[in-house]
Amino acid sequence: CPARSMYLKTMGFGHPHLAQIMNTIGILRYEQGDVSASIRALEIGYEYQRKIVEDCVDICDHPKDDSHRQVAEIAMAYTLSNIAFMYYQNDDQIGSLRLFEEAKSILSRHAPRDDRVMLLIQENIESLVGKGIPSIASACDDRFLCVQAQCGMLGSVDDRS
């Protein structure tokens, strides 16, 4: 994509706006019916977000002031949820469940239990487990992932048409 190449040259790989742009493109691609392109865009956004988290770790002088990293991790969890939803749309229920559980693990460190996104992720996990997909929460490691805020959520696996 020429626009992305130009943006990378001017703003750099770890700029938060690039992650937000790729997430928006992923959602738009989904709305256009192109699940594969949506997954690619969301995964690119996720990689940008990971870089942002790594940079947050490198520049944080005060471990007690972790607010930038928390915001980044919450945004990463939203992106993981969107990728999980796309995996489900692509009939990869095991991959979908793995990513929903990873997103829940991240959000559980930062968001209240009644957070709208946390509740949606939990509903999706319960729906997948109810369909016979074995939960793999114990296999998920406790990584901190990086994100940028303002990501949209795509929806519930029960809403798939």
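How each quantity is defined
- Residues numbered from 1 in each chain as written.
- Predicted model: local features only at pLDDT ≥ 70, side-chain atom pairs only at ≥ 80, totals over all residues.
- Heavy atoms only, no water.
- Helix = DSSP H or I, 4+ residues; strand = E, 2+ residues; numbered from the N terminus.
- Buried < 20%, exposed > 50% of the residue type's maximum accessible area, 1.4 Å probe, protein only.
- Contact = heavy atoms within 4.5 Å.
- Expected span 1.5 Å × (residues − 1).
- pLDDT = per-residue confidence, 0-100.
- Salt bridge = Lys/Arg side-chain N within 4 Å of Asp/Glu carboxyl O.

K.L.:
Just to check I follow, could you spell out the overall build of the protein chain for this structure?
P.N.:
Looking only at helices and strands, the protein chain features 6 helices and 0 strands. Along the protein chain, helices and strands appear, N-terminal first, in the series α-α-α-α-α-α. A burial count over the protein chain gives 43% of its 161 residues as buried. Excluding contacts between residues fewer than 6 apart, the proportion of contacts in the protein chain whose partners are at least 24 apart in sequence is 76%.

K.L.:
Looking at this structure, I do not really get helix H5 (residues 93-107). What am I missing?
P.N.:
Quick reminder: α-helices carry 3.6 residues per turn. Residues three or four places apart thus point the same way. Across its 15 residues, H5 extends 21 Å between first and last C-alpha, which sits within 8% of the 21 Å expected from 1.5 Å per residue. Residues of H5 that are buried include every one of Gly-95, Ser-96, Leu-97, Leu-99, Phe-100, Glu-101, Glu-102, Ala-103, Ile-106 and Leu-107, and no others.

K.L.:
What is the right way to look at the confidence of the model for the protein chain in this model?
P.N.:
Per-residue pLDDT for the protein chain has a mean of 75; in total, 68% of the residues score no lower than 70. In this model, residues 137-152 is a region of pLDDT below 50 whose contacts with residues beyond four sequence positions or in other chains number 61 contacts.

K.L.:
Would you explain the pattern of salt bridges in this entry?
P.N.:
In a structure, side chains of opposite charge can pair up when their charged atoms sit close to one another. One pass over the full model with this rule turns up 2 salt bridges. When the shortest N-O distance is used, the salt bridge between Arg-50 and Glu-47 registers 3.5 Å. Linking Arg-50 with Glu-47, this pair stays in helix H3 (residues 35-59), spanning 3 residues, or about one helical turn. Arg-50 gets classed as partly exposed once you look at its relative accessible area, which sits at 29%. With a shortest N-O distance of 3.8 Å, Glu-102 and Arg-98 are connected by a salt bridge. Note that Glu-102 and Arg-98 are positioned in helix H5 at a spacing of 4 residues, about one turn of the helix. Under the relative-accessibility criterion, Glu-102 is labelled buried at 6%. With relative accessibility at 33%, the residue Arg-98 sits in the partly exposed group.

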